[in-house]
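Residues per chain, in single letters:
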Amino acid sequence: MRIRFALAATAAAGTLAVVIAAPAQANEYSSALKIKGVQYDAPGRDSNNCTTGNSKSEYLTIRNYSRTAKVNLKGYVVKDATGNRFTFRSNHYLEPGDYVKLRGGHGTDSDAKNVVYRQNCNFMWNNDKDTIYLSKPSGAHADTHAYSKSKDDRDGNGYISFH
């Protein structure tokens, strides 16, 4: 009888340990939205001139990795290591599996073309290294990625894929 009780207690403790360990992993992926990749170094010579510059060629791709949930980007915040930030101020819905490119420069946001413009011609991402933070409207963490050109951009094209 003691052996059965001990085995039951051990089995229950093992189950409890699994239940306790599961949320830590689940928290890492608690957001359907993730940073898919970043074109941190726009092709060509960097120029933030709004008319002739290439800041529109710098972009961040955010994807909805949910299989069922449609997500509204309104209120989500993207920022870099030094505090440069962009807040999605308008409704922009991502269907499951859909993505949006957050581009520099000025332009017209489009759900159909999967693009939102920062309405700012300054570059946001450093060409050598940076950290990208994505936060939910509540301020809770959604995703973070650090990169360095020398370590993460093996083909040297200025684009890094994360997910």
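All of the points below concern the structure found in this document. Remember, it's a predicted structure, so these values are computed and weren't measured experimentally. (Residues numbered from 1 in each chain as written. Predicted model: local features only at pLDDT ≥ 70, side-chain atom pairs only at ≥ 80, totals over all residues. Heavy atoms only, no water.)

Concerning unusual backbone geometry
At step 1: The backbone phi angle of Asn114 is positive, close to 55°, even though this residue is not glycine.
At step 2: You can see Asn114 is positioned in the loop between β7 (99–103) and β8 (115–117).
At step 3: A positive phi angle, close to 55°, is found at Gln119, a residue other than glycine.
At step 4: Residue placement: Gln119 occurs in the loop between β8 and β9 (129–135).
At step 5: Since its relative accessible area comes to 38%, Gln119 is described here as partly exposed. (Helix = DSSP H or I, 4+ residues; strand = E, 2+ residues; numbered from the N terminus. Buried < 20%, exposed > 50% of the residue type's maximum accessible area, 1.4 Å probe, protein only.)

Considerations on the sheet that holds strand β2 (residues 59–64)
At step 1: With mixed pairing, the five strands of this open sheet are ordered in space as β8-β7-β2-β1-β11. Single-partner strands in this sheet number two, and they are β8 and β11 (159–161). Averaged over all neighbouring strand pairs, the angle between strand axes comes to 25°, with direction disregarded.
At step 2: Relative to β8, β7 runs parallel, the two sharing three bridges. Bridge pairing in β8 links Arg103 to Tyr117. (Pairing = 2+ DSSP bridges. Axes fitted to C-alpha atoms, helices over the stretch in contact; angles between N-to-C directions.)

A word on the side chain of Arg118
At step 1: Examined against the element boundaries, Arg118 turns out to sit in the loop between β8 and β9.
At step 2: A polar contact of 2.6 Å, which involves the side chain of Arg118, links it to the backbone oxygen of Asn122.
At step 3: Residues within four places of Arg118 in sequence aside, it is in contact with Glu58, Phe86, Leu102, Arg103, Gly104, Gly105, Phe123 and Met124. (Polar contact = N/O pair within 3.5 Å; in protein donor to acceptor, adjacent residues only side chain to side chain. Contact = heavy atoms within 4.5 Å.)

Focus: the nonpolar core
At step 1: Grouped together as the largest cluster of nonpolar side chains are 23 residues, with contacts concentrated most on Leu60, Val78, Phe88 and Trp125.
At step 2: Those elements that place two or more of their residues in this core are β1 (33–39), β2, β7, β9 and β10 (141–148).
At step 3: When residues of this core are assigned to their parent elements, the largest contribution, three residues, is made by β1.
At step 4: Excluding its chain neighbours within four sequence positions, the residues that come into contact with Leu60 are Ile35, Gly37, Val38, Val78, Val100, Lys101, Leu102, Trp125 and Ile132. (Core = buried A, V, L, I, M, F, W, Y, C linked by side-chain atoms within 4.5 Å.)

Description of the packing of aromatic side chains
At step 1: Under the definition given, this model contains three aromatic pairs.
At step 2: Note on Tyr59 and Tyr159: the rings are 6.1 Å apart at their centroids and 40° apart in plane angle, and the pair reads as tilted. Remark: Tyr159 occurs in strand β11 and Tyr59 occurs in strand β2; sequence separation between them is 100 residues.
At step 3: A relative accessible area of 13% means that Tyr59 is categorised as buried.
At step 4: For Tyr159, a relative accessible area of 21% gives the class partly exposed.
At step 5: Seen from their ring centres, Phe86 and Phe88 are 5.0 Å apart, and the 85° between their planes marks the pair as edge-to-face. For the pair formed by Phe86 and Phe88, the shared burial category is buried.
At step 6: The ring of Tyr65 has Arg63 sitting right over it, with the charged end atom 4.7 Å from the ring centre.
At step 7: The positively charged end of Lys79 is found above the aromatic ring belonging to Tyr133, 5.9 Å away from the centroid. (Phe/Tyr/Trp six-rings, centres within 6.5 Å; stacked < 30°, edge-to-face > 60°. Lys NZ or Arg CZ within 6 Å of the ring centre and 35° of its normal.)

So, the state of the cysteines
By definition, a disulfide links the sulfur atoms of two cysteine residues through a covalent bond.
At step 1: Under the criterion given, the structure shown has one disulfide.
At step 2: Here Cys50 connects covalently by a disulfide to Cys121, the sulfurs 2.0 Å from one another. Classification of the bridge connecting Cys50 and Cys121 rests on its S-S torsion, roughly 125°, and on that basis the disulfide is right-handed. Of the two residues, Cys50 sits in the loop between β1 and β2 while Cys121 sits in the loop between β8 and β9, which places them 71 residues apart along the sequence.
At step 3: A residue is classified by how much of its surface remains accessible, and Cys50, at 51% relative accessible area, is exposed.
At step 4: Assessed through its relative accessible area of 5%, Cys121 is described here as buried. (Disulfide = S-S within 2.5 Å.)

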